[in-house]
Amino acid sequence: GESVGLHLPTLSVQEGDNSIINCAYSNSASDYFIWYKQESGKGPQFIIDIRSNMDKRQGQRVTVLLNKTVKHLSLQIAATQPGDSAVYFCAEFTGGKLTFGQGTILTVHP
Amino acid sequence: GAVVSQHPSRVICKSGTSVKIECRSLDFQATTMFWYRQFPKQSLMLMATSNEGSKATYEQGVEKDKFLINHASLTLSTLTVTSAHPEDSSFYICSANDWDAQSYNEQFFGPGTRLTVL
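Sequence order sets the numbering: in each chain, residues are counted from 1 along the sequence as written. Chains and ligands are labelled sequentially in the order written, the chains with letters from A and the ligands with numbers from 1. Restriction of local features to residues with pLDDT of at least 70 applies here, the model being predicted, together with a cutoff of 80 or more for giving and counting side-chain atom pairs; totals for whole chains, interfaces and linings are based on all residues. The side-chain figures draw on all heavy atoms in the structure; neither hydrogens nor water molecules are used.

### Comments concerning the layout of surface pockets
The line we're drawing: A 1.4 Å probe that fits but cannot get out identifies a cavity on a 1 Å grid over protein atoms alone, an open set with protein on both sides within 12 Å along at least five of seven lines counts as a pocket, and a residue lines either if it has an atom within 4 Å of a point. Grid points are joined across faces, edges and corners, and a volume is the space filled by probe spheres set on the points. Residue type decides the class: Asp, Glu, Lys and Arg count as charged, Ala, Val, Leu, Ile, Met, Phe, Trp, Tyr, Cys and Pro as nonpolar, and the leftover types, Gly among them, as polar.
Estimates place the volume of the largest pocket at around 530 Å³. Considering the residues around the largest pocket, the lining is formed by 22 residues, among which Gln38(A), Ser40(A), Val87(A), Gln38(B) and Lys41(B) are closest to the centre. Per-class residue counts for the lining of the largest pocket are nine nonpolar, nine polar and four charged.

What follows is the structure, encoded as structure tokens:
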């Protein structure tokens, strides 16, 4: 069936570096793609979203890139901070529902 | 921003008992609420979608008689895990939005409820 997946289950970076988290999706009919941050024992926190007719969207320290040709989504975090350490999920919205990817654990070392 | 709360945050129960988890939208009216389950080191899996005043729509493989969902008001949805067993131990998360669920808009997530069944 349709699914959203991630290439890298873990990512370790040094404080101040830029982080790139990747996601592959298979449902070309999805309307929106969203990135969430989840800290241990908490619910997901919205980071940024992008509509399917866009290829780039920027927020504060974050940028989401969408490549529909290869069905790939990425989240770029600039100047990564220790507080960015968490699990990051991509999700796609289609048919009134969110489908989450497997998640990437981001660890930021001081 | 919109706030969603869950109660309780943690619950431990004996096998065979039922547990009720509440999800509330605190500062908006939630037309649609969603219930997810998350096992350790795994992703969120949608269990069901509930609309105020109507029956919930369950995802394939989710037993509707075991996971009872009630969305009696625009600010409250409840999930009852009936006859809980250790394999039901998980992190249950709700989310809510205040718009037509078929149109994308931001879902606001609750903090989750950790259920442990002994």
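### A word on the sheet that holds strand E3 (residues 19-25) of chain B
Residue and element names in this part refer to chain B. For clarity, the cut-off: We call two strands paired when DSSP finds no fewer than two bridges between them. Each helix is a run of H or I in the DSSP string that is no shorter than four residues. Each strand is a run of E no shorter than two, and both are numbered from the N terminus. With axes taken as lines fitted to C-alpha atoms, and helix axes fitted only over the stretch in contact, angles between N-to-C directions fall between 0 and 180 degrees.
Taken in spatial order, the four strands of this open sheet run E1-E3-E8-E7, and their pairing is antiparallel. Taken across any chain shown, the strands that pair with only one partner, and hence form the sheet edges, are strand E1 (4-7) and strand E7 (67-73). Adjacent strand axes in the sheet meet at a mean angle of 15°, parallel and antiparallel pairs treated alike.

### As for the interface of chain A and chain B
Filter applied, for reference: Contacts: residue pairs with any heavy atoms within 4.5 Å of one another. A 1.4 Å probe defines the accessible area here, and the buried area is the portion of it lost by two parts on being joined, summed over both. Salt bridges are identified by distance alone: a Lys or Arg side-chain nitrogen within 4 Å of an Asp or Glu carboxyl oxygen.
Contact residues are listed per partner, giving 19 residues for chain A and 20 residues for chain B. When the two sides are added together, the surface that chain A and chain B hide from each other amounts to roughly 1,600 Å², 58% of it contributed by carbon and sulfur. Put simply, chain A and chain B have one salt bridge between them. For Lys97(A), the salt bridge goes to Glu59(B), with nearest N and O atoms at 3.0 Å. Mapped onto the side of chain A that touches chain B, the elements with two or more residues apiece are strand E4 (32-38), strand E5 (45-51), strand E9 (86-94) and strand E10 (97-100) of chain A. Among the residues forming the side of chain A that touches chain B, the class breakdown is nine nonpolar, seven polar and three charged.

### A short note on the pairing of E4(A)
Residues and elements named next belong to chain A. Stated formally: Relative accessibility under 20% of the residue-type maximum defines a buried residue, over 50% an exposed one, and the middle range a partly exposed one, all with a 1.4 Å probe and only protein chains included.
Counting buried residues along E4, seven of its seven residues qualify, which places the element largely inside the surrounding structure. Side chains Tyr-32, Ile-34, Tyr-36 and Gln-38 project from E4 onto one buried face, and the interleaved Phe-33, Trp-35 and Lys-37 project onto a second face that is buried too. Here E4 pairs with E5 via six bridges, running antiparallel. Bridging from a neighbouring strand, Ile-34 pairs with Asp-49 of E5. Hairpin geometry of E4 and E5 is characterised by an intervening segment of six residues between the two adjacent antiparallel strands and by a positive phi of about 75° at Gly-41. Pairing of E4 with E9 involves seven bridges; the strand directions are antiparallel. Looking across to E9, one finds that Ile-34 is bridged to Ala-91.

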